[in-house]
Amino acid sequence: MNFSVSSVPSHPLAPYGWDEGWDAEFAPYAEQGLLPGRVVRVDRGQCDVVTPFGTVRADTEFVVPRDPMKVVCTGDWGAVDPEGGDPRYVRTLLPRRTAFVRSTSSKRSEGQILAANVDYAVVAVSLAVELDLGRIERFLALAWESGAQPVVVLSKADLVPDAVTLGHLVQDVETTSPGVPVLPVSATTGEGLDVLEAVLAGGTSVLLGQSGAGKSTLANALLGEDVMEVQAARDVDGKGRHTTTTRNLLALPGGGVLIDTPGLRGVGLWDAETGVGQVFSEIESLAADCRFHDCAHVAEPGCAVLAAVDSGALPERRLDSYRKLLRENQRIVAKTDARLRAEIRRDWKRKGAEGRAAMEAKRGRWH
Ligand code: GDP
Ligand code: ZN
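Residues numbered from 1 in each chain as written. Chains lettered and ligands numbered in written order. Predicted model: local features only at pLDDT ≥ 70, side-chain atom pairs only at ≥ 80, totals over all residues. Heavy atoms only, no water.

J.: Break down helix 4 (residues 193-200) for me, with residues and values.
T.: Residues L193, L196, V199 and L200 constitute the buried set of helix 4. The buried residues of helix 4 occupy an angular sector of 125 degrees when projected down its axis, which confines them to one face. Each element contacted by the buried residues of helix 4 is listed here: strand 8 (120-126), strand 9 (149-155), strand 10 (182-184), strand 11 (204-208), helix 5 (215-223) and strand 13 (257-259). (Buried < 20%, exposed > 50% of the residue type's maximum accessible area, 1.4 Å probe, protein only. Helix = DSSP H or I, 4+ residues; strand = E, 2+ residues; numbered from the N terminus. Arc of directions from axis to C-beta. Contact = heavy atoms within 4.5 Å.)

J.: Can you break down the site of ligand 1 residue by residue, with the values?
T.: Ligand 1 sits among 15 residues. The nearest are D158, G212, K215, S216 and T217. Measuring from an oxygen atom of ligand 1, one finds a backbone N or O atom of A187 at 2.8 Å. Of the residues in the shell around ligand 1, the class split is three nonpolar, eight polar and four charged. (Near = heavy atom within 4 Å. Polar contact = N/O pair within 3.5 Å; in protein donor to acceptor, adjacent residues only side chain to side chain. Nonpolar A, V, L, I, M, F, W, Y, C, P; charged D, E, K, R; others polar.)

J.: Tell me about the pattern of salt bridges, and name the residues and values.
T.: Close approach of charged atoms allows side chains with opposite charge to pair. Summed over the entire model, instances satisfying the criterion amount to twelve salt bridges. Between R96 and D76 there is a salt bridge, and its shortest N-O distance comes to 2.8 Å. Of this pair, R96 sits in the loop between strand 5 (88-93) and strand 6 (99-103) while D76 sits in the loop between strand 3 (54-59) and strand 4 (77-80); the two residues are 20 residues apart in sequence, bridging distant segments of the chain. Taking relative accessible area as the criterion, R96 reaches 10% and is therefore assigned buried. The residue R91 makes a salt bridge to D81 at a minimum N-O spacing of 2.6 Å. Within this pair, whereas R91 is found in strand 5, its partner D81 is found in the loop between strand 4 and strand 5, the two being separated by ten residues in sequence. For R91, a relative accessible area of 36% gives the class partly exposed. For D81, a relative accessible area of 13% translates into the label buried. Connected through salt bridges with shared partners, the residues R41, D43, D48 and R57 form a single ionic network. (Salt bridge = Lys/Arg side-chain N within 4 Å of Asp/Glu carboxyl O.)

J.: Go over the pairing of strand 9, please, and point to the residues and values.
T.: In terms of residue burial, strand 9 counts as a mostly covered element, since seven of its seven residues are buried. Burial along strand 9 is two-sided: the face carrying Q149, V151, V153 and S155 and the face carrying P150, V152 and L154 are both buried. Looking at chain direction, strand 8 and strand 9 are connected through seven bridges and run parallel. What sits directly across from Y120, in strand 9, is Q149. (Pairing = 2+ DSSP bridges.)

J.: So what about the sheet that holds strand 11? Which residues, and what values?
T.: Pairing is mixed in the open sheet, where six strands are placed in the order 10-9-8-11-13-12. The open sheet has two edge strands, strand 10 and strand 12 (249-251), and neither has a second partner. Pairwise comparison of adjacent strand axes, ignoring direction, gives a mean angle of 25 degrees for this sheet. Pairing of strand 8 with strand 11 involves four bridges; the strand directions are parallel. Along strand 11, the bridge assignment pairs V122 with L207. The strands that helix 5 touches are strand 8, strand 9, strand 11, strand 12 and strand 13; relative to strand 11, the one it contacts most, it runs at about 150 degrees. (Axes fitted to C-alpha atoms, helices over the stretch in contact; angles between N-to-C directions.)

Below is the structure:
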């Protein structure tokens, strides 16, 4: 794996993820004298934006449309007023590369944006309990759907008695996660933290995973105490506020950015059909050889997927899990406004592809 630091290392926002792509997107607003910034927290129609001159408070009145999917959220890049008016305003948002959404329980079943412009979705899986591959697949579907690159962290590796067992566990998860790096890590011994830090240095990350998986412990190990203090000291508008407790986006000392918003951790499946397909990419390739174009891989003649199960090439558990996630997804989709879904795809699927292409060009591929 080959990771390089930001391609615009001298920019004051480089620690917050500024790169050549954002530089180009922002150029027209720079000409208008606006300041670039990244949203580190949103509350009550206002947000905290980190700019080249520190963190400022800004109103989002001009950039909040009715559509809840377009509401300003942590991780967004935007342009804010250069002077400290009362209040300042966010004048525009730059198009998102990726986004995490979750369904709300409202009657209209609208989505809610949880985080924007995430490059790595880190799925924490505890090695203290038996592996639940179905649960990992569920989190991976969400991760892929956002447009981010999923990474599985097998946490609490110190609790695995020996290296051979650990190797087997890693292998089991790798088989379940085509195209996803699987990293064993222990926050207790520090094992594997350096590898994880090197990965996360390449962009913006979020931590997903079940409660108790070790996410908070991991976040603390990655962040370290001193970094939070440094950031608090830099806050120009902060007036002694404890930014450590209010910010949902933090620069990591080893490079890269961590977003940790309250709602993200318990995120549910939300129209993640593309994501499900990416988790089970080997099933989707097998399906290309099924006799019927619309084969459901249940009892159809000439089904290449069932043939693979019969031959032992595809574990039956994997096919069951695939079906279960697709069904779950369809139930959610049925409740969701079609127009809204079409908009989401148009808006950031394209941007996600562009952003990923830029990222890959910047630092080389995973494998
Ligand atoms: P979260 O709910 O995902 O944020 O999980 P926490 O970070 O709160 O961790 C859950 C429990 O696992 C806590 O009791 C931690 O002390 C423990 N834990 C976290 N990381 C490790 C580790 O690397 N090794 C061991 N042995 N325990 C850990
Ligand atoms: Zn089939």
